[in-house]
Number of protein chains: 2
Amino acid sequence: MSPLSDHRKADGPLVLSIDAMGGDRGPATIVAGLATFARKHEDVRFLLHGPRDELQALVDKRPALSGRCDVRDAPRVVSMEDKPSHVMRNGQDTSMWSTLDSVRDGEATVAVSCGNTGALMLLSMVRLRKLPGVNRPAIAVLWPSRNPQGYNVILDVGADIRADADDLLKYAMMGASYARNGLSLEQPRVGLLNVGTEEHKGRTELKAAHELISANAEQNGFDFVGFVEGSDLPGTRCDVIVTDGFTGNIALKTGEGTASLIGDLLREAFAYSPLSRIASLLALTSLKRLQARIDPRRKNGGVFLGLNGTVVKSHGAADATGVAAAVELAYDLAQSGFGDRLAARIAAAGDTRPTAEDGPANEQKDGTDQ
Amino acid sequence: MSPLSDHRKADGPLVLSIDAMGGDRGPATIVAGLATFARKHEDVRFLLHGPRDELQALVDKRPALSGRCDVRDAPRVVSMEDKPSHVMRNGQDTSMWSTLDSVRDGEATVAVSCGNTGALMLLSMVRLRKLPGVNRPAIAVLWPSRNPQGYNVILDVGADIRADADDLLKYAMMGASYARNGLSLEQPRVGLLNVGTEEHKGRTELKAAHELISANAEQNGFDFVGFVEGSDLPGTRCDVIVTDGFTGNIALKTGEGTASLIGDLLREAFAYSPLSRIASLLALTSLKRLQARIDPRRKNGGVFLGLNGTVVKSHGAADATGVAAAVELAYDLAQSGFGDRLAARIAAAGDTRPTAEDGPANEQKDGTDQ
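Residues numbered from 1 in each chain as written. Chains lettered and ligands numbered in written order. Predicted model: local features only at pLDDT ≥ 70, side-chain atom pairs only at ≥ 80, totals over all residues. Heavy atoms only, no water.

As named in an unreviewed UniProt entry, chain A is Phosphate acyltransferase, taken from Salipiger mucosus DSM 16094. Here is the UniProt Pathway (unreviewed entry) comment for chain A, exactly as written: "Lipid metabolism; phospholipid metabolism." The record held by UniProt for chain A lists under Subcellular location (unreviewed entry) the comment "Cytoplasm". (UniProt positions renumbered as here; feature names shortened; annotations may be inferred.)

A. Region of interest: the overall build of chain A. Counting secondary structure elements, chain A contains 15 helices and 11 strands. Across chain A, the fraction of contacts at a sequence separation of at least 24, relative to all contacts at a separation of at least 6, is 72%. Taken as a whole, chain A presents about 15400 Å² of accessible surface, with 49% of it coming from carbon and sulfur. (Helix = DSSP H or I, 4+ residues; strand = E, 2+ residues; numbered from the N terminus. Contact = heavy atoms within 4.5 Å. Areas by Shrake-Rupley, 256 points an atom, 1.4 Å probe, with all protein chains shown as cover.)

B. Structural view of the sheet that holds strand β2 (residues 44–50) of chain A. Residues and elements named next belong to chain A. Spatial ordering of the open sheet is given by β3-β2-β1-β4-β11-β10-β5-β6-β9-β7-β8, a layout of 11 strands whose pairing is mixed. Pairing within the sheet leaves two strands with one partner each, and these edge strands are β3 (69–73) and β8 (223–228). Pairs of neighbouring strands in the sheet enclose a mean axial angle of 25°, with direction left out of account. In terms of strand pairing, strand β1 (residues 14–19) meets strand β4 (residues 110–113) through three bridges, oriented parallel. If you follow Leu-16 over to β4, its bridge partner there is Val-110. Lying on the sheet, helix α12 (residues 320–335) is in contact with β1, β2, β4, β10 (302–305) and β11 (310–313); it crosses β1 at an angle near 145°. (Pairing = 2+ DSSP bridges. Axes fitted to C-alpha atoms, helices over the stretch in contact; angles between N-to-C directions.)

C. Quick peek at the confidence of the model for chain A. For chain A, per-residue confidence averages 86 on the pLDDT scale, and 84% of positions sit at 70 or higher. Low pLDDT, under 50, characterises residues 354–370 of chain A; the predicted model gives this stretch 10 contacts beyond four residues in sequence or across chains. (pLDDT = per-residue confidence, 0-100.)

D. Quick peek at the pattern of salt bridges. Under the criterion given, the structure shown has 26 salt bridges over all chains. The partner of Glu-229 of chain B in a salt bridge is Lys-253 of chain A, and the shortest N-O contact between them spans 2.3 Å. Placement of the pair is Glu-229 of chain B in the loop between β8 (223–228) and β9 (240–242) and Lys-253 of chain A in helix α9 (residues 245–270), with the two residues belonging to separate chains. By relative accessible area, Glu-229 of chain B is classed as buried at 17%. Taking the shortest distance from any N to any O, the salt bridge between Asp-160 of chain B and Arg-162 of chain B comes out at 3.9 Å. Connected through shared salt-bridge partners, Arg-136, Asp-160, Arg-162 and Asp-167 of chain A make up one network. (Salt bridge = Lys/Arg side-chain N within 4 Å of Asp/Glu carboxyl O. Buried < 20%, exposed > 50% of the residue type's maximum accessible area, 1.4 Å probe, protein only.)

E. Up close: the sheet that holds β9 of chain B. Residues and elements named next belong to chain B. A sheet is described by the order of its strands in space; here 11 strands give the open sequence β3-β2-β1-β4-β11-β10-β5-β6-β9-β7-β8, paired in mixed fashion. Looking at which strands have only one partner, the edges of the open sheet turn out to be β3 (69–73) and β8. Each neighbouring strand pair of the sheet contributes to a mean axis angle of 25°, computed without reference to strand direction. Here helix α5 (residues 95–104) sits on the sheet and contacts β1 (14–19), β2 (44–50), β3, β4 (110–113) and β11 (310–313); the angle it forms with β1, its principal contact strand, is near 165°. The strands touched by helix α12 (residues 320–335) are β1, β2, β4, β10 (302–305) and β11; relative to β1, the strand with the most contacts, the crossing angle is about 145°.

F. Local environment of the packing of α9 of chain A against helix α9 (residues 245–270) of chain B. Where α9 of chain A meets α9 of chain B, the axes come as close as 8 Å, and the angle between the chain directions of the two elements is 40°. Considering their axes alone, α9 of chain A and α9 of chain B lie oblique with respect to each other. Along this stretch, α9 of chain A crosses α9 of chain B, giving a crossing that reads as right-handed. For the pair α9 of chain A and α9 of chain B, the contacting residues are Phe-246, Thr-247, Ile-250, Ala-251, Thr-254, Gly-255, Thr-258, Ala-259, Ile-262, Leu-266 and Phe-270 of chain A in the first and Phe-246, Thr-247, Ile-250, Ala-251, Thr-254, Gly-255, Thr-258, Ala-259, Ile-262, Leu-266 and Phe-270 of chain B in the second. Here the residues of the contact of α9 of chain A with α9 of chain B sort into 14 nonpolar, eight polar and no charged. (Parallel < 35°, antiparallel > 145°, perpendicular 65-115°, else oblique. Left-handed = near helix turned anticlockwise from the far one by under 90°. Nonpolar A, V, L, I, M, F, W, Y, C, P; charged D, E, K, R; others polar.)

G. Region of the structure containing the pairing of β10 of chain A. Residues and elements named next belong to chain A. Here β10 shows a buried face lined by Gly-302 and Phe-304 and a second buried face lined by Val-303 and Leu-305. Pairing of strand β5 (residues 138–144) with β10, which is carried by three bridges, proceeds in the antiparallel orientation. Following the sheet pairing, Ala-140 is matched in β10 by Val-303. One ladder, built from three bridges, connects β10 with β11; its direction is antiparallel. The partner of Gly-302 across the bridge, within β11, is Lys-313. Following β10, the chain reverses through four residues before pairing antiparallel with β11; Gly-306 in that reversal takes a positive phi of roughly 100°.

H. Fine view of the packing of aromatic side chains. Using the criterion set out here, one finds six aromatic pairs over all chains in the structure. When the centroid spacing of 5.5 Å and the interplanar angle of 65° are considered together, the rings of Phe-37 of chain B and Tyr-331 of chain B count as edge-to-face. Of this pair, Phe-37 of chain B sits in helix α2 (residues 27–40) while Tyr-331 of chain B sits in helix α12, and the two are 294 residues apart along the sequence. Comparing Phe-37 of chain B with Tyr-331 of chain B, the two get one shared label, buried. Between Tyr-178 of chain B and Phe-338 of chain B, the ring centres sit 5.8 Å apart and the planes meet at 45°, which makes this aromatic pair tilted. Within this pair, whereas Tyr-178 of chain B is found in helix α7 (residues 165–182), its partner Phe-338 of chain B is found in helix α13 (residues 338–349), the two being separated by 160 residues in sequence. Look at Phe-338 of chain B and you get buried, because its relative accessible area is 0%. Through successive ring pairs, a cluster of aromatic residues spans Phe-37, Phe-46 and Tyr-331 of chain A. (Phe/Tyr/Trp six-rings, centres within 6.5 Å; stacked < 30°, edge-to-face > 60°.)

Here you go:
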């Protein structure tokens, strides 16, 4: 679709930039996850960022990484407690900074980090810069759903607590692009999260966003289903759900919390009596099938959208399986040329604000009252 | 605590006002649920509102209701499609209006309706009026949690899409009162929903609410734990979670949607193979135990807080078990004298805004600049 993506693919093997530090479980877990991924994909190379000696020792223990993983020395680490603004000013020697700069400099296609989300987002904005036309980048996640593709795309889940109508339109375009490339949906259906599905409901800015997205859906290759509710996040009414980062973050954590509570109660229920413990043994494969379906580690990774370059944020507490899933997601996105396709989409859309909101005024700027 | 509640109790048997119409399953289901409740509580009387002949025939078939249920004729019904403002202007002959007026006139202590939430809230505000000191009433629900009491209180889940700092303080007070009377917690712990727990995070109005609630917690008999996240809704960090009705409604529906998806996937997992179907038979009691714990019908009912009188909103799709649970909740609240206790609390708190935000100014009104 975009000439840029063809150019990238012709360049040789895909390169992913991996932050080895900042995860709750330390670099050994990151390297283990990377090795798991590397065994399945022989055509990918890695740039691994962190303290050289420590990382080189870990890499040398993994035959799957042999000859495919360059360690880039970055002595300092961004911790979960570091304030994003502090990292932005003083983070030059950190592994996070170095990871992003490899994408910035065109050495790698996608960056992956388990570190501090706020710092990673702010650093990404500073080092990679926002795409022209995007005011607020967003974090998108895949949410288990009843749709045939098994997941819906939700954004923003926490990049910015505010979003105006134009931001929400950009989220719709970026989310649709993600669904097209990440979930193979040709014409994704986009919904706008609200407290009811009637058009008169909700906050004023949501009514404005409804109009704006509706007016821009066709030319951007997605269907707009209008307002959707919290119950539609795992539902079949749409494939992409758009909301501000405050609401999206609370919905995401509420969903995770609910799933985790039910998992615990399920375990309790099966541990209740000798008979139920026998039943749980017989039900083991059924329960494992269920777990595989909703296991957050299997689709681990929020994707930062709206930047010059794609960044995958893995869960800080991810184990090796989770890290491998995040790297897999980065690989899928890099392979599909997602970053360049998205940039082309946004560039082609131009400035959406005047087109939709003041459409007629555009053509008769001198006399809208005539 | 409040002399009013003693007065009410001395009046004779408790009376509940029940809207027989407006539920998705019709009045027969409401009457069946009422009979289920009545069999367990012989000391309660009912006022049942709707078309007299239809209801009387249904009541006559239920021995448990014999001699304890007055039918109040109300020929018209508020439908789920009716706009709240239309009902407010033209709803005089509806069962919903009649149900609320029985509480307004002091004939009954608590009202129960399965009808249109928006209409019920607006009618409640018009007919019962807001408590002095409350600007925005709220809807509170009980959310399954890991806490010893099994549930947390969440409000507002959809009465109003906006809430300023003073509204959120009132929600904290009302939610704490609900937890005290409905969950028997002497000193409830209250949290304010946000996207992070650090004090510098979130929207400006949330920082103001944080200060205001913190300053008013002790004198209102609750502990303030500060900001909490979506994952804390079913958690143990607090017993009461306070948020605006937009965020609360989306969190509620996201939680319900997630629970429902997991339930479906669980059924699918167990239906997968002959062996898993046998396992599911053996696991039946375990699964039923789980279901009982998270079954929304068992704690069915949002409670409208901040009005002169308590209103319980049952789920529109409630079956007889769900209706019985909603009436049970109304009974619990009526018995504890909750409405009067809450009114006394709010009245005692007075105008919280100046006390907390401009405290010193109150005492030196003539010269705050001195």
